[in-house]
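Chain residues, written in single-letter form:
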Amino acid sequence: RSCLQHTTTTLLFHAPTMTRYATSSLKAQKRRKVIYNAPSHVRGKIMSATLSKELREQNGGVRSLPIHTGDEVEITRGQFKGRKGTVKAVYRLRYQVLVDRIERETARGKTVNIPFKASTLRITKLQMNAHRETVLQRKQQGRAAAAEQKNKA
């Protein structure tokens with residue numbers, strides 16, 4: 001083996017501060033690369049929003065879910081903090097969520113929706129479908145199993 005291969009192998013597998021995969025790296029540059037080059041199904045998971053306390057209690061302690069069109073949300077940061085609306089569109093490619101009734105006027109006089117990051121929103125009412133119910137059940141089972149394992153230890 002060449003010296004470079006040996007060094008790379010050593011760094012990838014033996015250094016205690018380094019990790020094996022780029023997706024689990026602590027380096028900001030690598031994290032950004034993973035986020036910006038993510039495929040659509042992964043972007044959907046990245047675009048998750050926290051659930052309100054009422055929804056958390058109803059759904060067995062599940063804290064967050066991927067955001068969907070039709071969800072009712074509350075904005076938690078920025079100049080629109082505290083305003084509520086319904087999700088009008090979710091653009092995975094741009095990591096943007098458009099919310100009804102939160103608009104601004106352009107210089108030409110046209111009204112346009114303001115895009116938000118999913119992390120700045122809190123879901124207050126879910127738009128339920130069969131897939132979402134299975135996701136909620138799976139998350140609830142995982143939380144229950146973790147709590148049970150924690151009690152054993």
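The following paragraphs examine the structure supplied in this document. (Residues numbered from 1 in each chain as written. Predicted model: local features only at pLDDT ≥ 70, side-chain atom pairs only at ≥ 80, totals over all residues. Heavy atoms only, no water.)

### Looking at the overall build of the chain
Working step 1: Each helix and strand counted, the chain has five helices and seven strands in total.
Working step 2: Across the chain, helices and strands are ordered from the amino to the carboxyl terminus as α-α-α-β-α-β-β-β-β-β-β-α.
Working step 3: Burial statistics for the chain: of 153 residues in total, 25% are counted as buried.
Working step 4: A fraction of 44% describes how many contacts in the chain between residues 6 or more apart in sequence connect residues 24 or more apart.
Working step 5: Accessible area of the chain: about 11,300 Å², with a carbon and sulfur share of 52%. (Helix = DSSP H or I, 4+ residues; strand = E, 2+ residues; numbered from the N terminus. Buried < 20%, exposed > 50% of the residue type's maximum accessible area, 1.4 Å probe, protein only. Contact = heavy atoms within 4.5 Å. Areas by Shrake-Rupley, 256 points an atom, 1.4 Å probe, with all protein chains shown as cover.)

### Some remarks on the environment of Arg 104
Working step 1: Structurally, Arg 104 can be placed in strand E5 (residues 96-105).
Working step 2: Judged by its relative accessible area of 48%, Arg 104 is partly exposed.
Working step 3: Taking C-alpha positions, Arg 104 is 6.8 Å from Ile 114, a pair spaced ten residues apart along the chain.
Working step 4: Not counting chain neighbours up to four residues away, the residues in contact with Arg 104 comprise Lys 110, Thr 111, Val 112 and Ile 114.

### Here's the deal with the packing of aromatic side chains
Working step 1: Under the criterion given, the structure shown has one aromatic pair.
Working step 2: A centroid spacing of 6.0 Å and a plane angle of 85° characterise the contact between Phe 80 and Phe 116, whose relative ring orientation is edge-to-face. Taken together, the residues Phe 80 in the loop between strand E3 (72-75) and strand E4 (84-91) and Phe 116 in strand E6 (residues 111-116) connect sequence positions 36 residues apart. An identical accessibility class is assigned to Phe 80 and Phe 116; each is buried. (Phe/Tyr/Trp six-rings, centres within 6.5 Å; stacked < 30°, edge-to-face > 60°.)

### Remarks on the sheet that holds strand E2 (residues 64-66)
Working step 1: Read from one edge of the open sheet, seven strands run E2-E1-E7-E3-E4-E5-E6, paired in mixed fashion. This sheet does not close on itself; its edge strands, each paired only once, are E2 and E6. For this sheet, the mean angle separating the axes of adjacent strands, direction not counted, is 50°.
Working step 2: Of the pairings in the sheet, the one linking E3 to E4 comprises three bridges and is antiparallel in character. In the sheet register, Val 73 faces E4, and the bridge partner there is Gly 85.
Working step 3: Running over the sheet, helix H5 (residues 130-152) touches E2 and strand E7 (121-125) and is turned about 145° from E2. (Pairing = 2+ DSSP bridges. Axes fitted to C-alpha atoms, helices over the stretch in contact; angles between N-to-C directions.)

### A word on a positive patch on the surface
Working step 1: Among the surface-exposed residues, Lys 45, Arg 63, Arg 138, Lys 139 and Arg 143 lie close enough to one another that they form a single positively charged patch.
Working step 2: With three residues, H5 is the single largest residue contributor to the positive patch.
Working step 3: Its relative accessible area of 49% is what places Arg 63 among the partly exposed residues. (Patch = residues over 30% accessible without salt bridge, like charges linked within 9 Å, V, L, I, M, F, W, Y side chains within 5 Å. Salt bridge = Lys/Arg side-chain N within 4 Å of Asp/Glu carboxyl O. Lys, Arg positive; Asp, Glu negative; His and termini not counted. Charge placed at Lys NZ, Arg CZ, Asp CG, Glu CD.)

### Looking at the pairing of E7
Working step 1: Relative to E7, strand E1 (residues 48-51) runs parallel, the two being bridged by two bridges. Its bridge partner being in E7, Leu 51 is matched across the sheet by Ile 123.
Working step 2: Relative to E7, E3 runs antiparallel, the two sharing four bridges. Its bridge partner lying in E7, Val 73 is registered against Ile 123.

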